[in-house]
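# Breakdown of the fold
Here is how the chains run, residue by residue.
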Amino acid sequence: MFNKLVESLEKCPIVKRGEYNYFIHPISDGVPIVEPELLREVAALMLRNLDLDHADKLVVAEAMGIHIGVALSLITDLPLTIVRKRKYELPGELPLHQTTGYSKGELYLNGIEEGDRVVIVDDVFSTGGTMKALLKGLEQKNAEVVDVLVVIKRGECDIGRPYKYLVEIDVDETGVNVIKKNY
Ligand SMILES: O=P(O)(O)OC[C@H]1O[C@H](OP(=O)(O)OP(=O)(O)O)[C@H](O)[C@@H]1O
Ligand SMILES: Nc1nc2[nH]cnc2c(=O)[nH]1
């Protein structure tokens, strides 16, 4: 039971993005194919690990927070907002600057009101740049972040608050090594 995430990570391919060893996995890329059993496992593990009792909304970042966020929303009945790379110019939209290990860009936060109690989930934590951008935006909106979880942690970074993760990995040119499993 609950062996699909680790097994699939241990056999996933690596490509170079500049100097960065980028692993390619269904949860973090949607390719080659997202098997329902894997998505169900990840959803069940997120549900077990997260503190959702006092949450009003889920927050995820485009693109690869979406499928895990939807899976969790369907189980918990919590509404979901997707922080998009596209600008909508809706009233209250907040632009955020995102820096990852291989890219920079803008994200746009919508759908959050002052006092909302939110849970953030994302697929991967590497430099922590995306998570820091989300936290900063939610702070600006005066939302309360009640819990944060990433499925796969591959780096160290102080994001100014505790966060949870399901697995921790090391990545080199030859592949992914799962070094910790929190379940
Ligand atoms: O900790 P960090 O260095 O910020 O990396 C983590 C982020 O990188 C990926 O997103 P990416 O911006 O590549 O977009 P995608 O989800 O559209 O692939 C991933 O989905 C995380 O959000
Ligand atoms: N798929 C994928 N997403 C990432 N986000 C940050 N690092 C990575 C990575 O190596 N692979």
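The shown structure was predicted, so the numbers you read here are calculated from the model rather than taken from an experiment.

Right, let's talk about the UniProt feature "domain: Phosphoribosyltransferase" (unreviewed entry) in the protein for a bit. In the numbering used here, UniProt assigns the "domain: Phosphoribosyltransferase" (unreviewed entry) feature to residues 53-170. Secondary structure across residues 53-170 comprises 19% helix and 40% strand; the distance between its end C-alpha atoms is 32 Å.

With that settled, consider the site of ligand 2. Surrounding ligand 2, one finds Tyr20, Asn21, Tyr22, Phe23, Ser28, Asp29, Tyr102, Val124, Ser126 and Arg154. At 3.2 Å from a nitrogen atom of ligand 2 is found a side-chain nitrogen or oxygen belonging to tyrosine 102. Between ligand 2 and arginine 154, the relevant distance is 2.7 Å, taken from an oxygen atom to a side-chain nitrogen or oxygen of the residue. In the complex, the protein chains occlude 93% of the 280 Å² of accessible area that ligand 2 would expose alone. Counting residues per element, the ones that place at least two in the shell around ligand 2 are β2 (20-23) and α2 (26-29).

Once that is clear, we can look at helix α3 (residues 36-49). Its 14 residues give α3 an end-to-end C-alpha distance of 20 Å, which sits within 8% of 20 Å, the value for a rise of 1.5 Å per residue. Among the residues of α3, Leu38, Glu41, Val42, Ala43, Leu45 and Met46 are the ones counted as buried. Those residues of α3 that are buried are in contact with α1 (4-10), α2, α4 (66-76), β7 (117-125), β8 (144-153) and β9 (164-172).

Cut-offs used in this document
- Residues numbered from 1 in each chain as written.
- Chains lettered and ligands numbered in written order.
- Predicted model: local features only at pLDDT ≥ 70, side-chain atom pairs only at ≥ 80, totals over all residues.
- Heavy atoms only, no water.
- UniProt positions renumbered as here; feature names shortened; annotations may be inferred.
- Helix = DSSP H or I, 4+ residues; strand = E, 2+ residues; numbered from the N terminus.
- Near = heavy atom within 4 Å.
- Polar contact = N/O pair within 3.5 Å; in protein donor to acceptor, adjacent residues only side chain to side chain.
- Areas by Shrake-Rupley, 256 points an atom, 1.4 Å probe, with all protein chains shown as cover.
- Expected span 1.5 Å × (residues − 1).
- Buried < 20%, exposed > 50% of the residue type's maximum accessible area, 1.4 Å probe, protein only.
- Contact = heavy atoms within 4.5 Å.

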